[in-house]
Amino acid sequence: PEQVAKAIVLEAARTAHAEKRRCFLYAYSGPDQVLEQELDLSPDGIGRLLSFLGYSFGGGNDESSMMAKVLARLRENEWRKADVVFVSDGEWPAPAPLVRMVEQAREEGTRFHGIQIGNRGRTGLHAVCDPVHAFKDWAAAGGWR
């Protein structure tokens, strides 16, 4: 799952570059484990991207704290109406206050896309993202031919 998530981040950075849009990453795990950095394809940005690709958390979940950081950034003028791509295994509950904050950001123009790694049915990811795409199998996506 971590490798799939990193591949998705690479594609998001490439797409943002092609569309001349900015790309900000929040990689997270347990409490107080959040890596925040802007990704771009400048020489410095490539260094940050490579650093992210080499980074690994030990596991755990703290989606609410991470999403609070995302929602705070969305209140900044330069990030209003940004698209959020949330990649997760989805195995977490979405507390009602978080869902309300996401709904408010959505009303202000933010789109929340989810990519669920694995097939776990409806999860916390479904409570905050629309649409949610399930990534069930690397081979089914055309990998490992």
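Described below are features of the structure shown in this document.

The rules behind these values
- Residues numbered from 1 in each chain as written.
- Predicted model: local features only at pLDDT ≥ 70, side-chain atom pairs only at ≥ 80, totals over all residues.
- Heavy atoms only, no water.
- Helix = DSSP H or I, 4+ residues; strand = E, 2+ residues; numbered from the N terminus.
- Polar contact = N/O pair within 3.5 Å; in protein donor to acceptor, adjacent residues only side chain to side chain.
- Contact = heavy atoms within 4.5 Å.
- Axes fitted to C-alpha atoms, helices over the stretch in contact; angles between N-to-C directions.
- Parallel < 35°, antiparallel > 145°, perpendicular 65-115°, else oblique.
- Left-handed = near helix turned anticlockwise from the far one by under 90°.
- Pairing = 2+ DSSP bridges.
- Phe/Tyr/Trp six-rings, centres within 6.5 Å; stacked < 30°, edge-to-face > 60°.
- Buried < 20%, exposed > 50% of the residue type's maximum accessible area, 1.4 Å probe, protein only.

The residue Asp62 is located in the loop between α2 (43-54) and α3 (63-74) in this model. Here Ser65 takes part through its side chain, which lies 2.9 Å from a polar atom of the side chain of Asp62. Contacts of Asp62, omitting those with residues within four sequence positions, involve Tyr28, Ser29, Gly30, Pro31 and Asp32.

With that settled, the discussion passes to the packing of helix α1 (residues 2-18) against α2. Interaxial distance between α1 and α2 falls to 10 Å at its minimum, and their mutual angle equals 165 degrees. Relative to α2, α1 is oriented roughly antiparallel. Note that α1 runs across α2; the crossing there is right-handed. Together, Lys6, Val9 and Leu10 of α1 and Leu49, Phe52, Leu53 and Gly54 of α2 make up the contact between the two elements.

All right, on to the sheet that holds strand β4 (residues 111-117) then. The strand order β3-β4-β5 describes an open sheet built from three strands, whose pairing is parallel. The sheet is open, and its two edges are formed by β3 (83-88) and β5 (132-135), each paired on a single side. Ignoring which end each strand starts from, the neighbouring axes of this sheet average 20 degrees apart. Summarising the sheet, β4 and β5 pair through four bridges and their orientation is parallel.

Moving on, we get to the packing of aromatic side chains. Applying the stated criterion across every chain yields a total of four aromatic pairs. Note on Phe24 and Tyr26: the rings are 5.1 Å apart at their centroids and 45 degrees apart in plane angle, and the pair reads as tilted. Classification of Phe24 as partly exposed rests on a relative accessible area of 22%. You can call Tyr26 buried: its relative accessible area is 14%. Seen in terms of ring centroids, Phe86 and Trp92 are 5.4 Å apart; in terms of plane orientation they differ by 20 degrees. Their pairing is stacked. Among the aromatic residues, those joined into a cluster by ring pairs are Phe24, Tyr26 and Trp79.

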